[in-house]
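Take a look at the letters that make up each chain.
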Amino acid sequence: ISLCGVPKTPQQLYIAATASSWLGEDNVLTAKYAQEYLETPGWDSLSYGTIVEDGITISRWARSRAEMYMILAQAQENLGKHESALTNLAEAYRLEPYNAMYAVKLAGVIENARSRKEALQFLKQQTLTPYYKPLHYKDENGKNGNNHTFRQLIDSHILRLQSQKE
């Protein structure tokens, strides 16, 4: 990454943050590039518009922003900045509330930074969201489909936390 020079444009910052995250060696640099990217309007060449996945309409813009918040949060968590990581994970989850992995990751940071009990309480609150209810839909071929992914992920992580001793 250092061979590419100092990233300045949104495109360069996006690529540098993503590459640095994949390499996993320099969390300070990953956090710096991700934060700087998020302070820009974004890389305008990224795909925008919407797509439908398993019955859920997804904003590509929101997805790319949420993924960058996730990169930032992961670097912050690795640096021991748990409260900052929680803030940025919460923003990723706000952007993609149908993505249970953000809730699961939030619960993991809550468990590490605060307590298992608080993490479990957070996951149980997610069972009250509209995304917890299985989604029934017709796909692009007219076939009926069911999306239970959110519920399955939340339930499995609730069970994992419940099975652990205090």
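Structure: see above.
Everything numeric here is computed off the predicted structure, so don't read it as measured data.

### Thoughts on the nonpolar core
- Membership of the largest hydrophobic core comes to 42 residues, with the highest contact counts inside it found for Tyr37, Met68, Tyr93, Phe122, Leu123 and Ile154.
- The contact partners of Met68, leaving out residues within four places of it in the chain, are Tyr14, Ala17, Thr18, Ala34, Tyr37 and Leu38.

### Concerning the pattern of salt bridges
- This structure, assessed with the given rule, holds 9 salt bridges.
- Where Glu53 meets Arg63, a salt bridge forms, and the shortest distance between an N and an O atom there is 3.1 Å. Of this pair, Glu53 sits in strand 1 (residues 50-53) while Arg63 sits in helix 3 (residues 60-78); the two residues are 10 residues apart in sequence, bridging distant segments of the chain.
- Using a relative accessible area of 24% as the deciding quantity, one classes Arg63 as partly exposed.
- In this structure, Arg94 engages Glu91 in a salt bridge whose closest nitrogen and oxygen atoms are separated by 2.6 Å.

### Regarding the packing of helix 5 (residues 100-113) against helix 7 (residues 149-163)
- Between helix 5 and helix 7, whose axes approach to 9 Å, the crossing angle comes to 20°. The angle between helix 5 and helix 7 places the two elements in the roughly parallel class. Here helix 5 and helix 7 pass one another in a crossing that is right-handed. Counted together, Ala100, Met101, Ala103, Val104 and Glu111 of helix 5 and Phe150, Leu153, Ile154, His157, Arg160 and Leu161 of helix 7 form the full contact between these two elements.
- Of the residues in the contact of helix 5 with helix 7, the class split is 8 nonpolar, 1 polar and 2 charged.

### Digging into the packing of aromatic side chains
- Scanning the model with the defined rule gives 4 aromatic pairs in all.
- On the numbers, 6.3 Å between centres and 45° between planes, the contact of Tyr131 with Phe150 is tilted. Taken together, the residues span a long stretch of sequence, with Tyr131 in the loop between helix 6 (116-126) and strand 3 (135-138) and Phe150 in helix 7 at a distance of 19 residues.
- In this structure Tyr131 comes out as partly exposed when scored by relative accessible area, which is 34%.

### Observations regarding the packing of helix 2 (residues 27-38) against helix 3
- Look at helix 2 against helix 3: their axes get within 8 Å of each other, and the N-to-C directions meet at 150°. The orientation of helix 2 relative to helix 3 falls into the category roughly antiparallel. The handedness of the crossing between helix 2 and helix 3 comes out as left-handed. Facing Asn27, Thr30, Ala31, Ala34, Gln35, Tyr37 and Leu38 of helix 2, the residues of helix 3 in contact are Arg65, Met68, Tyr69, Ile71, Leu72, Ala75 and Asn78.

### Here's the deal with the environment of Asn88
- Assignment of secondary structure puts Asn88 in helix 4 (residues 82-95).
- Note on Asn88: relative accessible area 11%, which makes it buried.
- As for Asn88 and Arg116, which are separated by 28 residues in sequence, their C-alpha atoms are 20 Å apart.
- Sequence-distant contacts of Asn88, defined by excluding residues within four places in its chain, comprise Tyr69, Leu72, Ala73 and Gln76.

### Observations concerning helix 4
- Relative to the 20 Å expected for 14 residues at 1.5 Å per residue, helix 4 spans 20 Å between its end C-alpha atoms, a close match to the ideal helical length.
- Taken together, the buried residues of helix 4 touch helix 3, helix 5, helix 6 and helix 7.

### Side note on the side chain of Arg116
- Relative to the helices and strands, Arg116 is located in helix 6.
- Here the side chain of Arg116 touches Leu161 through a polar contact of 2.7 Å, landing on its backbone oxygen.

Rules used in this analysis
Residues numbered from 1 in each chain as written. Predicted model: local features only at pLDDT ≥ 70, side-chain atom pairs only at ≥ 80, totals over all residues. Heavy atoms only, no water. Core = buried A, V, L, I, M, F, W, Y, C linked by side-chain atoms within 4.5 Å. Buried < 20%, exposed > 50% of the residue type's maximum accessible area, 1.4 Å probe, protein only. Contact = heavy atoms within 4.5 Å. Salt bridge = Lys/Arg side-chain N within 4 Å of Asp/Glu carboxyl O. Helix = DSSP H or I, 4+ residues; strand = E, 2+ residues; numbered from the N terminus. Axes fitted to C-alpha atoms, helices over the stretch in contact; angles between N-to-C directions. Parallel < 35°, antiparallel > 145°, perpendicular 65-115°, else oblique. Left-handed = near helix turned anticlockwise from the far one by under 90°. Nonpolar A, V, L, I, M, F, W, Y, C, P; charged D, E, K, R; others polar. Phe/Tyr/Trp six-rings, centres within 6.5 Å; stacked < 30°, edge-to-face > 60°. Expected span 1.5 Å × (residues − 1). Polar contact = N/O pair within 3.5 Å; in protein donor to acceptor, adjacent residues only side chain to side chain.

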